[in-house]
Every structure is written in C-alpha cells, then in structure tokens.
Amino acid sequence: MKLLTNTALVIIDVQRAIDEAFWSQHGPRNNPAAEQNMSAVLKYWRDTKRSVFHIRHDSVNADSTYAPGTETHAFKPEVMPLSGEVVIGKAANSAFIDTRLEQTLRDQGIDHVVMMGVITNNSVEATVRHAGNLGFTTYLIEDACFTFAFPDYSGTLRSAQEVHDMSLANMDGEYCQVIKAAQALEI
C-alpha cells in the first residue's frame, strides 16, 4: 500500500486516562497490543519525516479521567509527543469540532490522514466520520485502536471485540478504509 509522503498521522486521545478501571467496568478491552502497534507506526512516521498530530482530550468535566491538570490527562509514554509535533486539545468527541485540526491539515496541503487511538466507537469513530465528511482520504489502523465491553441498546453485553468490530463496520468503505498496522508500515 502506497500513500503520499505528506499523509499525516492523527493519534486520538491516547492518554493515561484510558487505563483507569472505570473504562473496563463491563469487561476488558480488546487489542492488548494496540499501544505497541501505535508506537511502531509513530516511529515509522517520525523516521520518514511525515506530519504527526497528537489529539488530546481536554474534558470540561472536572471529575473526568481526561480533566486537564490531573495525572491521567498526560499522554501515554508509547505516543508521547516530541518537540515540534502538533498537539491539539479538544473538548468534544470529534477532533475537528472547535479545534484547528482541519485548518492546520489544509494549510499543510494534507488531504490524506491515517488515524489510530481510543476509544474506537467514540472519539475515533467520530473523528474518522468527520474526516471523511470533510473530504479527507482517511485510513483507520484497526489494530492500533481499542475499546471496551459495553451493553448494547437492548441491554445485551457486547464484548470489546464486538463493539470494536461494529464500529469498524460503521466506518469502513464509507468514511475510511480500515487497515492493519503492518500495512501502515509499508506506506
């Protein structure tokens, strides 16, 4: 798989907050190697001198695990931004709402994005859908994302993998192309 050299990597909400027990109250997460995959993709992007955008959730709720000023607000070590890499704070699920992400991408002439992060069926899906609707050619690295078990609308508990797979099905082919980390490393 070959993409343009100016294809940007967008890393969504990979903060220490996601390790808090609250998130797995209905069951464990999927993709236990997601952070390892994220780290490998990020290293590749850096090695090939491509643009990297770190999206940080800045919750307006003081009780949130994503509240600014808390220990859990920090980025996880696997994706810690380097000096000069763009960090964009957001308060909504989509990284495009009330942020400078779209304008910064357009200013840099970027119209292809590769995305990874958490939570698959929340901020990742919202951001991927938004990117697709804005006309960006979007790729989602499914094994560099994860989510948690959660009850569906009828109350049936769904495993993290089921939630993840349904979210991918919602996006693939309409808003993005779902790929694996190994494919992103061949770009």
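Residues numbered from 1 in each chain as written. Predicted model: local features only at pLDDT ≥ 70, side-chain atom pairs only at ≥ 80, totals over all residues. Heavy atoms only, no water.

1. Some remarks on unusual backbone geometry
Put simply, the rule reads: Here a strand is any run of E in DSSP of at least two residues, a helix any run of H or I of at least four, and the numbering for each starts at the N terminus. Only protein chains enter the accessibility calculation, which uses a 1.4 Å probe. A residue is then buried if its area is under 20% of the maximum for its type, exposed if over 50%, and partly exposed in between.
In this structure, isoleucine 119 follows valine 118 across a cis peptide bond, with omega equal to -20 degrees. Mapping isoleucine 119 onto the fold places it in the loop between strand E4 (112-118) and helix H3 (120-133). The backbone of aspartate 13 shows a phi angle near 55 degrees, a positive value even though the residue is not glycine. Taking the relative accessible area as the measure of exposure, aspartate 13 reaches 3% and is therefore buried. The backbone of asparagine 31 shows a phi angle near 45 degrees, a positive value even though the residue is not glycine. If you trace the backbone, asparagine 31 turns up in the loop between strand E1 (8-12) and helix H1 (34-47).

2. Details of the pairing of E1
Each regular strand displays side chains that alternate between the two surfaces of the sheet. For the record, the criterion: Here, any two strands with at least 2 DSSP bridges between them count as paired. Looking down the strands as they point away from you, a crossover is right-handed if its path from the first strand over the helix to the second goes clockwise.
Along E1, five of the five residues are buried, which leaves the element largely enclosed by surrounding structure. Every second residue of E1 is oriented toward a common face, with Ala8, Val10 and Ile12 on one face and Leu9 and Ile11 on the other, all of them buried. Bridge count between E1 and E4: five bridges; the pairing is parallel. Paired with isoleucine 12 across the two strands is glycine 117, which belongs to E4. Two elements, E1 and strand E2 (residues 52-57), share four bridges in a ladder whose sense is parallel. Across the sheet, residue leucine 9 finds its bridge partner in E2, namely valine 52. In terms of handedness, the path from E1 via H1 over to E2 forms a crossover that is right-handed.

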